[in-house]
Amino acid sequence: MTQLAERPNLQSPAGSPLGRVSHWIGGHIVEGASGRSGPVYDPATGRQTRTVDFASGEEMAEAVHVAEAAFPAWRATSLSKRTEIMFRIRNLVEQHRTEIAAHLTAEHGKVTSDALGEVARGLENLEFACGVPHLLKGSYSEQVSGGVDVYQLRQPLGVVAGITPFNFPAMVPMWMFANAIACGNTFILKPSEKDPSASIFLAQLLAEAGVPEGVFNVVHGDKVAVDAILEDRRVKAVSFVGSTPVARYIYETGTRNGKRVQALGGAKNHMVVLPDADIEMAADAAVSAAYGSAGERCTAVSVVVAVGNVADPLVAAIKERLPRIKVGPGDDPESQMGPLVTREHRDKVASYLDKGREQGAAVVADGRDHELYDAGTDADESRLEGGDSDGSRDSGGFYLGVSLLDRVTPDMDSYCNEIFGPVLEVMRVDTYGDAVKLVNDNPYGNGTAIFTRDGGAARAFQFEVQAGMVGINVPIPVPVAYYSFGGWKDSLFGDLNMYGPEGVQFYTRAKVITSRWPDPGTSQVDLGFPRTR
């Protein structure tokens, strides 16, 4: 049985000060041979805790070779056996959810409750994939012509790959590999190099569940590894979640090399609040959806669109809630919001506060006023002045308190970019029509929400708004696992959404068989076009 302490031990077996995260290829750990690696930090302290191997193109090619070799036997494995293994995976992930969550907290920084929620949503995708015998049912038409039957079935593609982001190191891989391997494909995961350990722990659980060697592989790396996936024609499909510029690159490069690609990009999710809305409910929803996971979610509410006279009381209600949010280390049970994933990302997020003020926004709350932000920047200055980077001197984490910008306009930098941090913007418009136009004019179309007591307005909104996921009095409309996740416009590149029914469609291809078993005595030559009547 796989064992792991609740907070991962950051000492390597050899006793070195930093643990090493290596690849998982062919059912076991494979140390990197490229000579290249990257640092892994604990965002709560700012200290480096591990190094992660970066694969060369040759190492990725070897992983593809291993996955390709495993495909024929896995494809031929019966649906009943694959289902049995998927149930085992589901049960092991559920059994070890606290250990997985500890990895997420240690390397991403999210609080334990949020990390456990991530694992729970990933479990939903594993449970959906356990229904693969039903999901892969074909269709059959008898007697389409004299003695002729037609039926369609879906077959796996072969080697497929997933390139996943730092903000959901466990859930997004489960979005991808659950359906992929259940449908009979073999899988290569290239996780974020910022928080790679959860992927290796998941690989160990899959092996324990009985997934054959080579069916699930993890290869760490940077752009070198990504390009190796995109350029290798043995890889038949690629799933990606990340920023829009990279999603566009993944889609264009992958399709140019003959692959299926689903690439989910960035977001600017608007929450429209109408004058008839329950102010307290809307404020609770906005705060929860904006600052959960430190705003590092592609489904986070980043813009509240206040319609008419609701703006002043709504901003006041949001502001009143902010001092009560406890910011601190993710493994502190009292913390509600943890640090950001890296120092560079924190500083980029914080820069939008000055830009907003300079461009005319009102800074209602500045996260840089939080004491942990000061501790982090003081520690940064200490390092620049020669302080130790190994943790021997107190070091600060990558914290930024909750921030609120009011009176934001569409031309401001904070609105034109995906901030991806704990900064909530408020935009004021006069009418419902102005609000819909604002949402629809934005280049992103991931998710949106409306808060109202008017059923007619809500129905009009769901009909008119240009976004892939819509919440009605629900701020984060992430679909359950038996629907599919995906946006519109610059939030999705590709034709099929992720997980759920469209995930099964993405990882399989249709085959239509036309069958005839005639009486030999009735056979004759007929050069005419095939007829059904």
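Above this text sits the structure in question.
Here, residues in each chain are numbered from 1, in the same order as that chain's written sequence. Residues qualify for local features only when their pLDDT is at least 70, as the model is predicted, and side-chain atom pairs are given and counted only at 80 or more; totals for whole chains, interfaces and linings, by contrast, use all residues. Side-chain metrics in this entry use all non-hydrogen atoms of the structure; hydrogen atoms and water are not considered.

Colleague: Looking at this structure, I do not really get the overall build of the protein. What am I missing?
Modeller: Strands here mean DSSP runs of E at least two residues long; helices mean DSSP runs of H or I at least four residues long; both are numbered from the N terminus. For the protein, the count of helices and strands is 17 helices and 23 strands. Taken over the C-alpha trace, the protein has a radius of gyration of 25 Å; the compact-globule value for 533 residues is 24 Å, and the two agree within 12%. With respect to the principal axes defined by its C-alpha atoms, the protein has extents near 90 × 65 × 40 Å. For every residue, the accessible area (1.4 Å probe, protein chains only) is compared with the maximum for its type, and the residue is labelled buried under 20%, exposed over 50%, or partly exposed between those bounds. Per-residue burial over the protein gives 56% buried out of 533 residues. Here a residue-residue contact requires only that any non-hydrogen atoms of the pair lie within 4.5 Å. Pairs at least 24 residues apart make up 73% of the contacts formed inside the protein by residues separated by at least 6 positions. Accessible surface computed for the protein: about 22,500 Å², of which carbon and sulfur atoms make up 51%. For the protein, the distance from the average site of its 50 positive side-chain charges to the average site of its 67 negative ones is 7 Å. We compute the radius of gyration from the C-alpha atoms alone; for a globule the expected value is 2.2 Å times N to the 0.38, where N is the number of residues. Residue exposure ignores everything except the shown protein chains as possible cover, and the areas themselves are Shrake-Rupley values with a 1.4 Å probe. Asp and Glu count as negative and Lys and Arg as positive, but His and the ends of the chain are not part of the count. Lys charges are placed at NZ, Arg charges at CZ, Asp charges at CG and Glu charges at CD.

Colleague: Explain the pattern of salt bridges here, please?
Modeller: A side chain with one charge can pair with a side chain of the opposite charge if their charged atoms come near. Counted as salt bridges are all cases of a side-chain nitrogen of Lys or Arg within 4 Å of a carboxyl oxygen of Asp or Glu. Summed over all chains, the structure comprises 31 salt bridges. When salt bridges with common partners are traced through the structure, they connect E280, D284, E320, R321 and R324 into a single cluster.

Colleague: What's the story with the side chain of S484 in this structure? I'm lost.
Modeller: Among the secondary structure elements, S484 is positioned in the loop between β20 (469–472) and β21 (488–489). Separated by 2.7 Å, the side chain of S484 and the backbone oxygen of Y499 make a polar contact. Side-chain polar atoms of S484 contact the backbone nitrogen of E502, separated by 3.1 Å. Nitrogen and oxygen atoms within 3.5 Å of one another constitute a polar contact, given that in protein one can donate a hydrogen and the other can accept it, and given that sequence-neighbouring residues count only through two side-chain atoms.

Colleague: Would you take a moment to explain the sheet that holds strand β5 (residues 47–54) for this structure?
Modeller: Whenever strands of a sheet pair, they do so through backbone hydrogen bonds, lying parallel or antiparallel. Strand pairing is defined by DSSP finding a minimum of two bridges between the two strands. The three strands are arranged β1-β5-β4 in an open sheet whose pairing can be described as mixed. Single-partner strands in this sheet number two, and they are β1 (19–21) and β4 (36–42). Across the sheet, the mean angle separating the axes of adjacent strands is 35 degrees when strand polarity is ignored. The sheet contact formed by β4 and β5 spans seven bridges and is antiparallel. By the bridge assignment for β5, P39 is matched with T51. As a rule, the C-alpha atoms of each element are fitted with a line to give its axis, helices using only the stretch in contact, and angles between N-to-C directions run from 0 to 180 degrees.

Colleague: How do you make sense of unusual backbone geometry when you look at a structure like this?
Modeller: What is expected of a backbone is that most residues other than glycine have negative phi and most peptide bonds are trans. For F420, which is not glycine, the phi torsion reads 60 degrees and is therefore positive. Taking the relative accessible area as the measure of exposure, F420 reaches 17% and is therefore buried. Of note in the backbone geometry, Y499 takes a positive phi value of approximately 50 degrees without being a glycine. Within the secondary structure layout, Y499 lies in the loop between β22 (492–493) and α17 (500–506). Of the residues examined, Y499 reaches a relative accessible area of 2% and is grouped as buried.

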